[in-house]
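# Structural overview
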Amino acid sequence: MIKVIGIGNRVMSDDGIAIHVLEKIKDEIKMISPEIEVIIGETDFVYCLNKINNNDYVIIVDSTFLGLESGKVTLLSFNSIAQYKNFSFTQHDASLINRILNYKSSVKGCIIGIEIYSADYGFDISNILRKRFKNICKDTLYQIKTVIYKGGREI
């Protein structure tokens, strides 16, 4: 089964962008295939891990801060991330991705990162991401479709 997991913190401004995006496009994701489950994990990594079964393919959608243009959507495989163990792509990867890699070795997957502008305290996303929100949703859905239509093969 394919699990699309959104993680982030809604009270940290742009850090919650993945949650907002998945809530907006979840119906479109579910229409792609009945084999897809959309999980809004927020910051509850134990909940997310408990939802992942052996041999699942996991697509984690999260905020990133890679120095790219705010709102840019990127795609990285778990295998490519493993080579950067000491480099943090997101503030959540140490908790969730490392646990998947260490405890769920039969699980394959990728990260779809959404580049943030800021991660300050606040319930609203930044004006920059708000203005680009429609395109961020479109780009995220495109990346999800790309992964699914490749059948979870290595990116």
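## Considerations on the side chain of Asp56
Residue position: Asp56 is located in the loop between α2 (45–51) and β3 (57–64). Excluding its chain neighbours within four sequence positions, the residues that come into contact with Asp56 are Met1, Lys3, Lys51, Val107 and Lys108.

## Here we look at helix α4 (residues 96–103)
Residues three or four positions apart in an α-helix share a direction because the helix packs 3.6 residues into each turn. By the burial criterion, the buried members of α4 are Leu96, Ile97 and Ile100. Viewed along the axis of α4, the buried residues span an arc of 100°, placing them on a single side of the element. More than 90 degrees from the buried face of α4, the exposed residues found are Asn102 and Tyr103.

## Details of the pattern of salt bridges
For side chains of opposite charge, pairing can occur when their charged atoms come near one another. The full count for this structure, using the stated rule, is 6 salt bridges. Among the ionic pairs, Glu23 bridges to Arg10, the shortest N-O distance being 2.5 Å. Separated by 13 residues along the polypeptide, Glu23 in helix α1 (residues 17–32) and Arg10 in the loop between β1 (2–7) and α1 bring together distant segments of the chain. Between Glu37 and Lys51 there is a salt bridge, with its nearest N and O atoms 3.2 Å apart. Within this pair, whereas Glu37 is found in strand β2 (residues 36–42), its partner Lys51 is found in helix α2, the two being separated by 14 residues in sequence. Owing to a relative accessible area of 23%, Glu37 belongs among the partly exposed residues under this scheme. The class for Lys51 is partly exposed, based on a relative accessible area of 27%. Residues joined by salt bridges that share partners form a network here, namely Lys3, Glu37, Lys51 and Asp56.

## Remarks on the pairing of β3
Burial of β3 is extensive: 8 of the 8 residues sit out of reach of the surface. Summarising the sheet, β1 and β3 pair through 5 bridges and their orientation is parallel. Counterpart to Ile2 in the pairing with β3 is Tyr57. With 8 bridges connecting them, β3 and strand β5 (residues 108–115) associate as parallel partners. From the neighbouring strand, Val61 faces β5, where its bridge partner is Ile112.

## Quick notes on the nonpolar core
Core analysis: the largest hydrophobic core is formed by 29 residues, its most contacted members being Val4, Ile29, Ile59 and Ile144. Counting only elements with at least two residues in this core, the list comes to β1, α1, β2, β3, β4 (73–77), β5 and α6 (133–149). Not counting residues within four places of it along the chain, the set of residues in contact with Ile29 comprises Val4, Leu22, Ile36, Val38, Leu141 and Ile144. Core analysis: the second largest hydrophobic core is formed by 15 residues, Ile39, Ile52, Val58 and Ile97 among them.

Parameters and conventions
Residues numbered from 1 in each chain as written. Predicted model: local features only at pLDDT ≥ 70, side-chain atom pairs only at ≥ 80, totals over all residues. Heavy atoms only, no water. Helix = DSSP H or I, 4+ residues; strand = E, 2+ residues; numbered from the N terminus. Contact = heavy atoms within 4.5 Å. Buried < 20%, exposed > 50% of the residue type's maximum accessible area, 1.4 Å probe, protein only. Arc of directions from axis to C-beta. Salt bridge = Lys/Arg side-chain N within 4 Å of Asp/Glu carboxyl O. Pairing = 2+ DSSP bridges. Core = buried A, V, L, I, M, F, W, Y, C linked by side-chain atoms within 4.5 Å.

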